[in-house]
Amino acid sequence: MTRERKCAILWSAPFALWLGMLMALPSTPACYAARTAAVALVGAVCFALSKPERALSADADRRLGPAAAAFIGLAVAFLWIWPERFDFYLRWLTLQNAADPAPSPYATAPAWLVAVRLVGSAFVIAPAEELFFRSFLYRRLQSPHWLAVPHRRFDPSAFAWTVALFALEHDRPLVAALAGAAYGFAYLRGGIWCAVGAHALTNLALGAWVVSQGAWRFW
């Protein structure tokens, strides 16, 4: 097996498992917890197995640091929350039912399932998505020998495809596209862990807002 194929499997397996379980299981807090646990386990194994190859995916030229990642993450969280005040946004620019929204199961879920959703979305799902979309898919769209493609190389076509596919994964595709572009920028200028940090902080901030405000429609 080539290095590219091996790393493609290791970089993609956690996200592929998440997507497969998402389609196969009901949208309940318990199933979300099961998906989170499974992806965390598979992600840990893949991360351990990828140790000899990680240096091939590293990039020494990192011009964005933790402060920039934090700014991007919080800015995306704001963009995710702020438009919800406008009815036309909910009606026309999201996949939500603005007229008769379905009640979220998290409104009555046990506290530990709410905590799993909050922690899992930030520290399990966000890394799985970023490793797939930014570190693997973005470079694979540029070359079959994707491990040799530098993080900082900007390719308009690969960037646009990655943003579009990331947007289609979410029920708020417009703001998800903006988020994907922001994480893509963080990746290009700061490397994969900058993008992971920004995405994790977005999900953590959004989850904190959901829990503190009872804004369960986001979940």
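Summary of the structure given here. What you see is a predicted model, and the numbers here were worked out from it, not measured in a lab.

**A word on the pattern of salt bridges**
Then, number 1: Under the defined criterion, the tally for this structure stands at four salt bridges.
Then, number 2: Measuring nitrogen to oxygen at the nearest pair gives 2.7 Å for the salt bridge that ties R134 to E130. Of this pair, R134 and E130 both sit in helix α5 (residues 111–140), four residues apart, roughly one helical turn.
Then, number 3: Measuring nitrogen to oxygen at the nearest pair gives 3.2 Å for the salt bridge that ties D171 to R172.
Then, number 4: Look at D171 and you get partly exposed, because its relative accessible area is 32%.
Then, number 5: For R172, a relative accessible area of 0% gives the class buried.
Then, number 6: Several salt bridges share partner residues, and in doing so they unite E84, D171, R172 and R217 into one network.

**Notes on the packing of helix α1 (residues 3–24) against helix α2 (residues 29–49)**
Then, number 1: Interhelical geometry of α1 versus α2 gives an angle of 175° and a closest axis separation of 9 Å. The angle between α1 and α2 places the two elements in the roughly antiparallel class. Touching K6, L10, A13, P14, L17, W18, M21 and L22 of α1 are Y32, A34, R35, T36, A38, V39, V42, G43, C46 and L49, all from α2.
Then, number 2: Of the residues that constitute the contact of α1 with α2, the class distribution is 14 nonpolar, two polar and two charged.

**A few points about empty space enclosed by the protein**
Then, number 1: Applying the stated rule across the entire model yields one cavity of 30 Å³ or more.
Then, number 2: The volume enclosed by the largest cavity comes to roughly 40 Å³.
Then, number 3: Lining the largest cavity are R134, Y138, F159, T162, V163, G180, G184, Y187 and L188.
Then, number 4: Listing elements by their share of the lining of the largest cavity, those giving two or more residues are α5, α6 (156–168) and α7 (173–190).
Then, number 5: Here the lining of the largest cavity gets four residues from one element, more than from any other, and that element is α7.
Then, number 6: Taken together, the residues of the lining of the largest cavity break down into five nonpolar, three polar and one charged.

**Observations regarding the environment of R117**
Then, number 1: Inspection of the secondary structure assignment puts R117 in helix α5.
Then, number 2: Through-space distance from the C-alpha of R117 to that of A70 is 21 Å; in sequence the pair is 47 residues apart.
Then, number 3: Contacts of R117, omitting those with residues within four sequence positions, involve Y32, Y106, F218 and W219.

**Remarks on the nonpolar core**
It is characteristic of soluble globular proteins that their nonpolar side chains tend to be buried jointly.
Then, number 1: Among the nonpolar cores identified, the biggest contains 53 residues, and W80, Y106, F136, W146, Y183, F218 and W219 are the most heavily contacted of them.
Then, number 2: Secondary-structure elements contributing two or more residues to this core are α1, α2, α3 (66–81), α5, α6, α7 and α8 (192–213).
Then, number 3: Considering each element in turn, this core owes the most residues, ten residues, to α5.
Then, number 4: Among residues more than four places away in sequence, those in contact with W146 are E4, C7, A8, W11, S135, F136, R139 and R140.

**Describing the environment of A195**
Then, number 1: Here A195 is to be found in helix α8.
Then, number 2: For the pair A195 and A126, spaced 69 residues apart in sequence, the C-alpha separation works out to 9.2 Å.
Then, number 3: Not counting residues up to four positions away in its chain, the partners in contact with A195 are E130, Y183, A186 and Y187.

**Examining the side chain of T202**
Then, number 1: By secondary structure assignment, the location of T202 is in helix α8.
Then, number 2: At 2.6 Å, the side chain of T202 forms a polar contact with the backbone oxygen of G73.
Then, number 3: In this view, T202 contacts I72, G73, V76, A77 and Y183; residues no more than four positions away in its chain are not counted.

Reading guide: rules and limits
- Residues numbered from 1 in each chain as written.
- Predicted model: local features only at pLDDT ≥ 70, side-chain atom pairs only at ≥ 80, totals over all residues.
- Heavy atoms only, no water.
- Salt bridge = Lys/Arg side-chain N within 4 Å of Asp/Glu carboxyl O.
- Helix = DSSP H or I, 4+ residues; strand = E, 2+ residues; numbered from the N terminus.
- Buried < 20%, exposed > 50% of the residue type's maximum accessible area, 1.4 Å probe, protein only.
- Axes fitted to C-alpha atoms, helices over the stretch in contact; angles between N-to-C directions.
- Parallel < 35°, antiparallel > 145°, perpendicular 65-115°, else oblique.
- Contact = heavy atoms within 4.5 Å.
- Nonpolar A, V, L, I, M, F, W, Y, C, P; charged D, E, K, R; others polar.
- 1 Å grid on protein atoms, 1.4 Å probe; cavity = no way out; pocket = protein on both sides within 12 Å on 5 of 7 lines; lining within 4 Å.
- Points joined across faces, edges and corners; volume = space filled by probe spheres on them.
- Core = buried A, V, L, I, M, F, W, Y, C linked by side-chain atoms within 4.5 Å.
- Polar contact = N/O pair within 3.5 Å; in protein donor to acceptor, adjacent residues only side chain to side chain.

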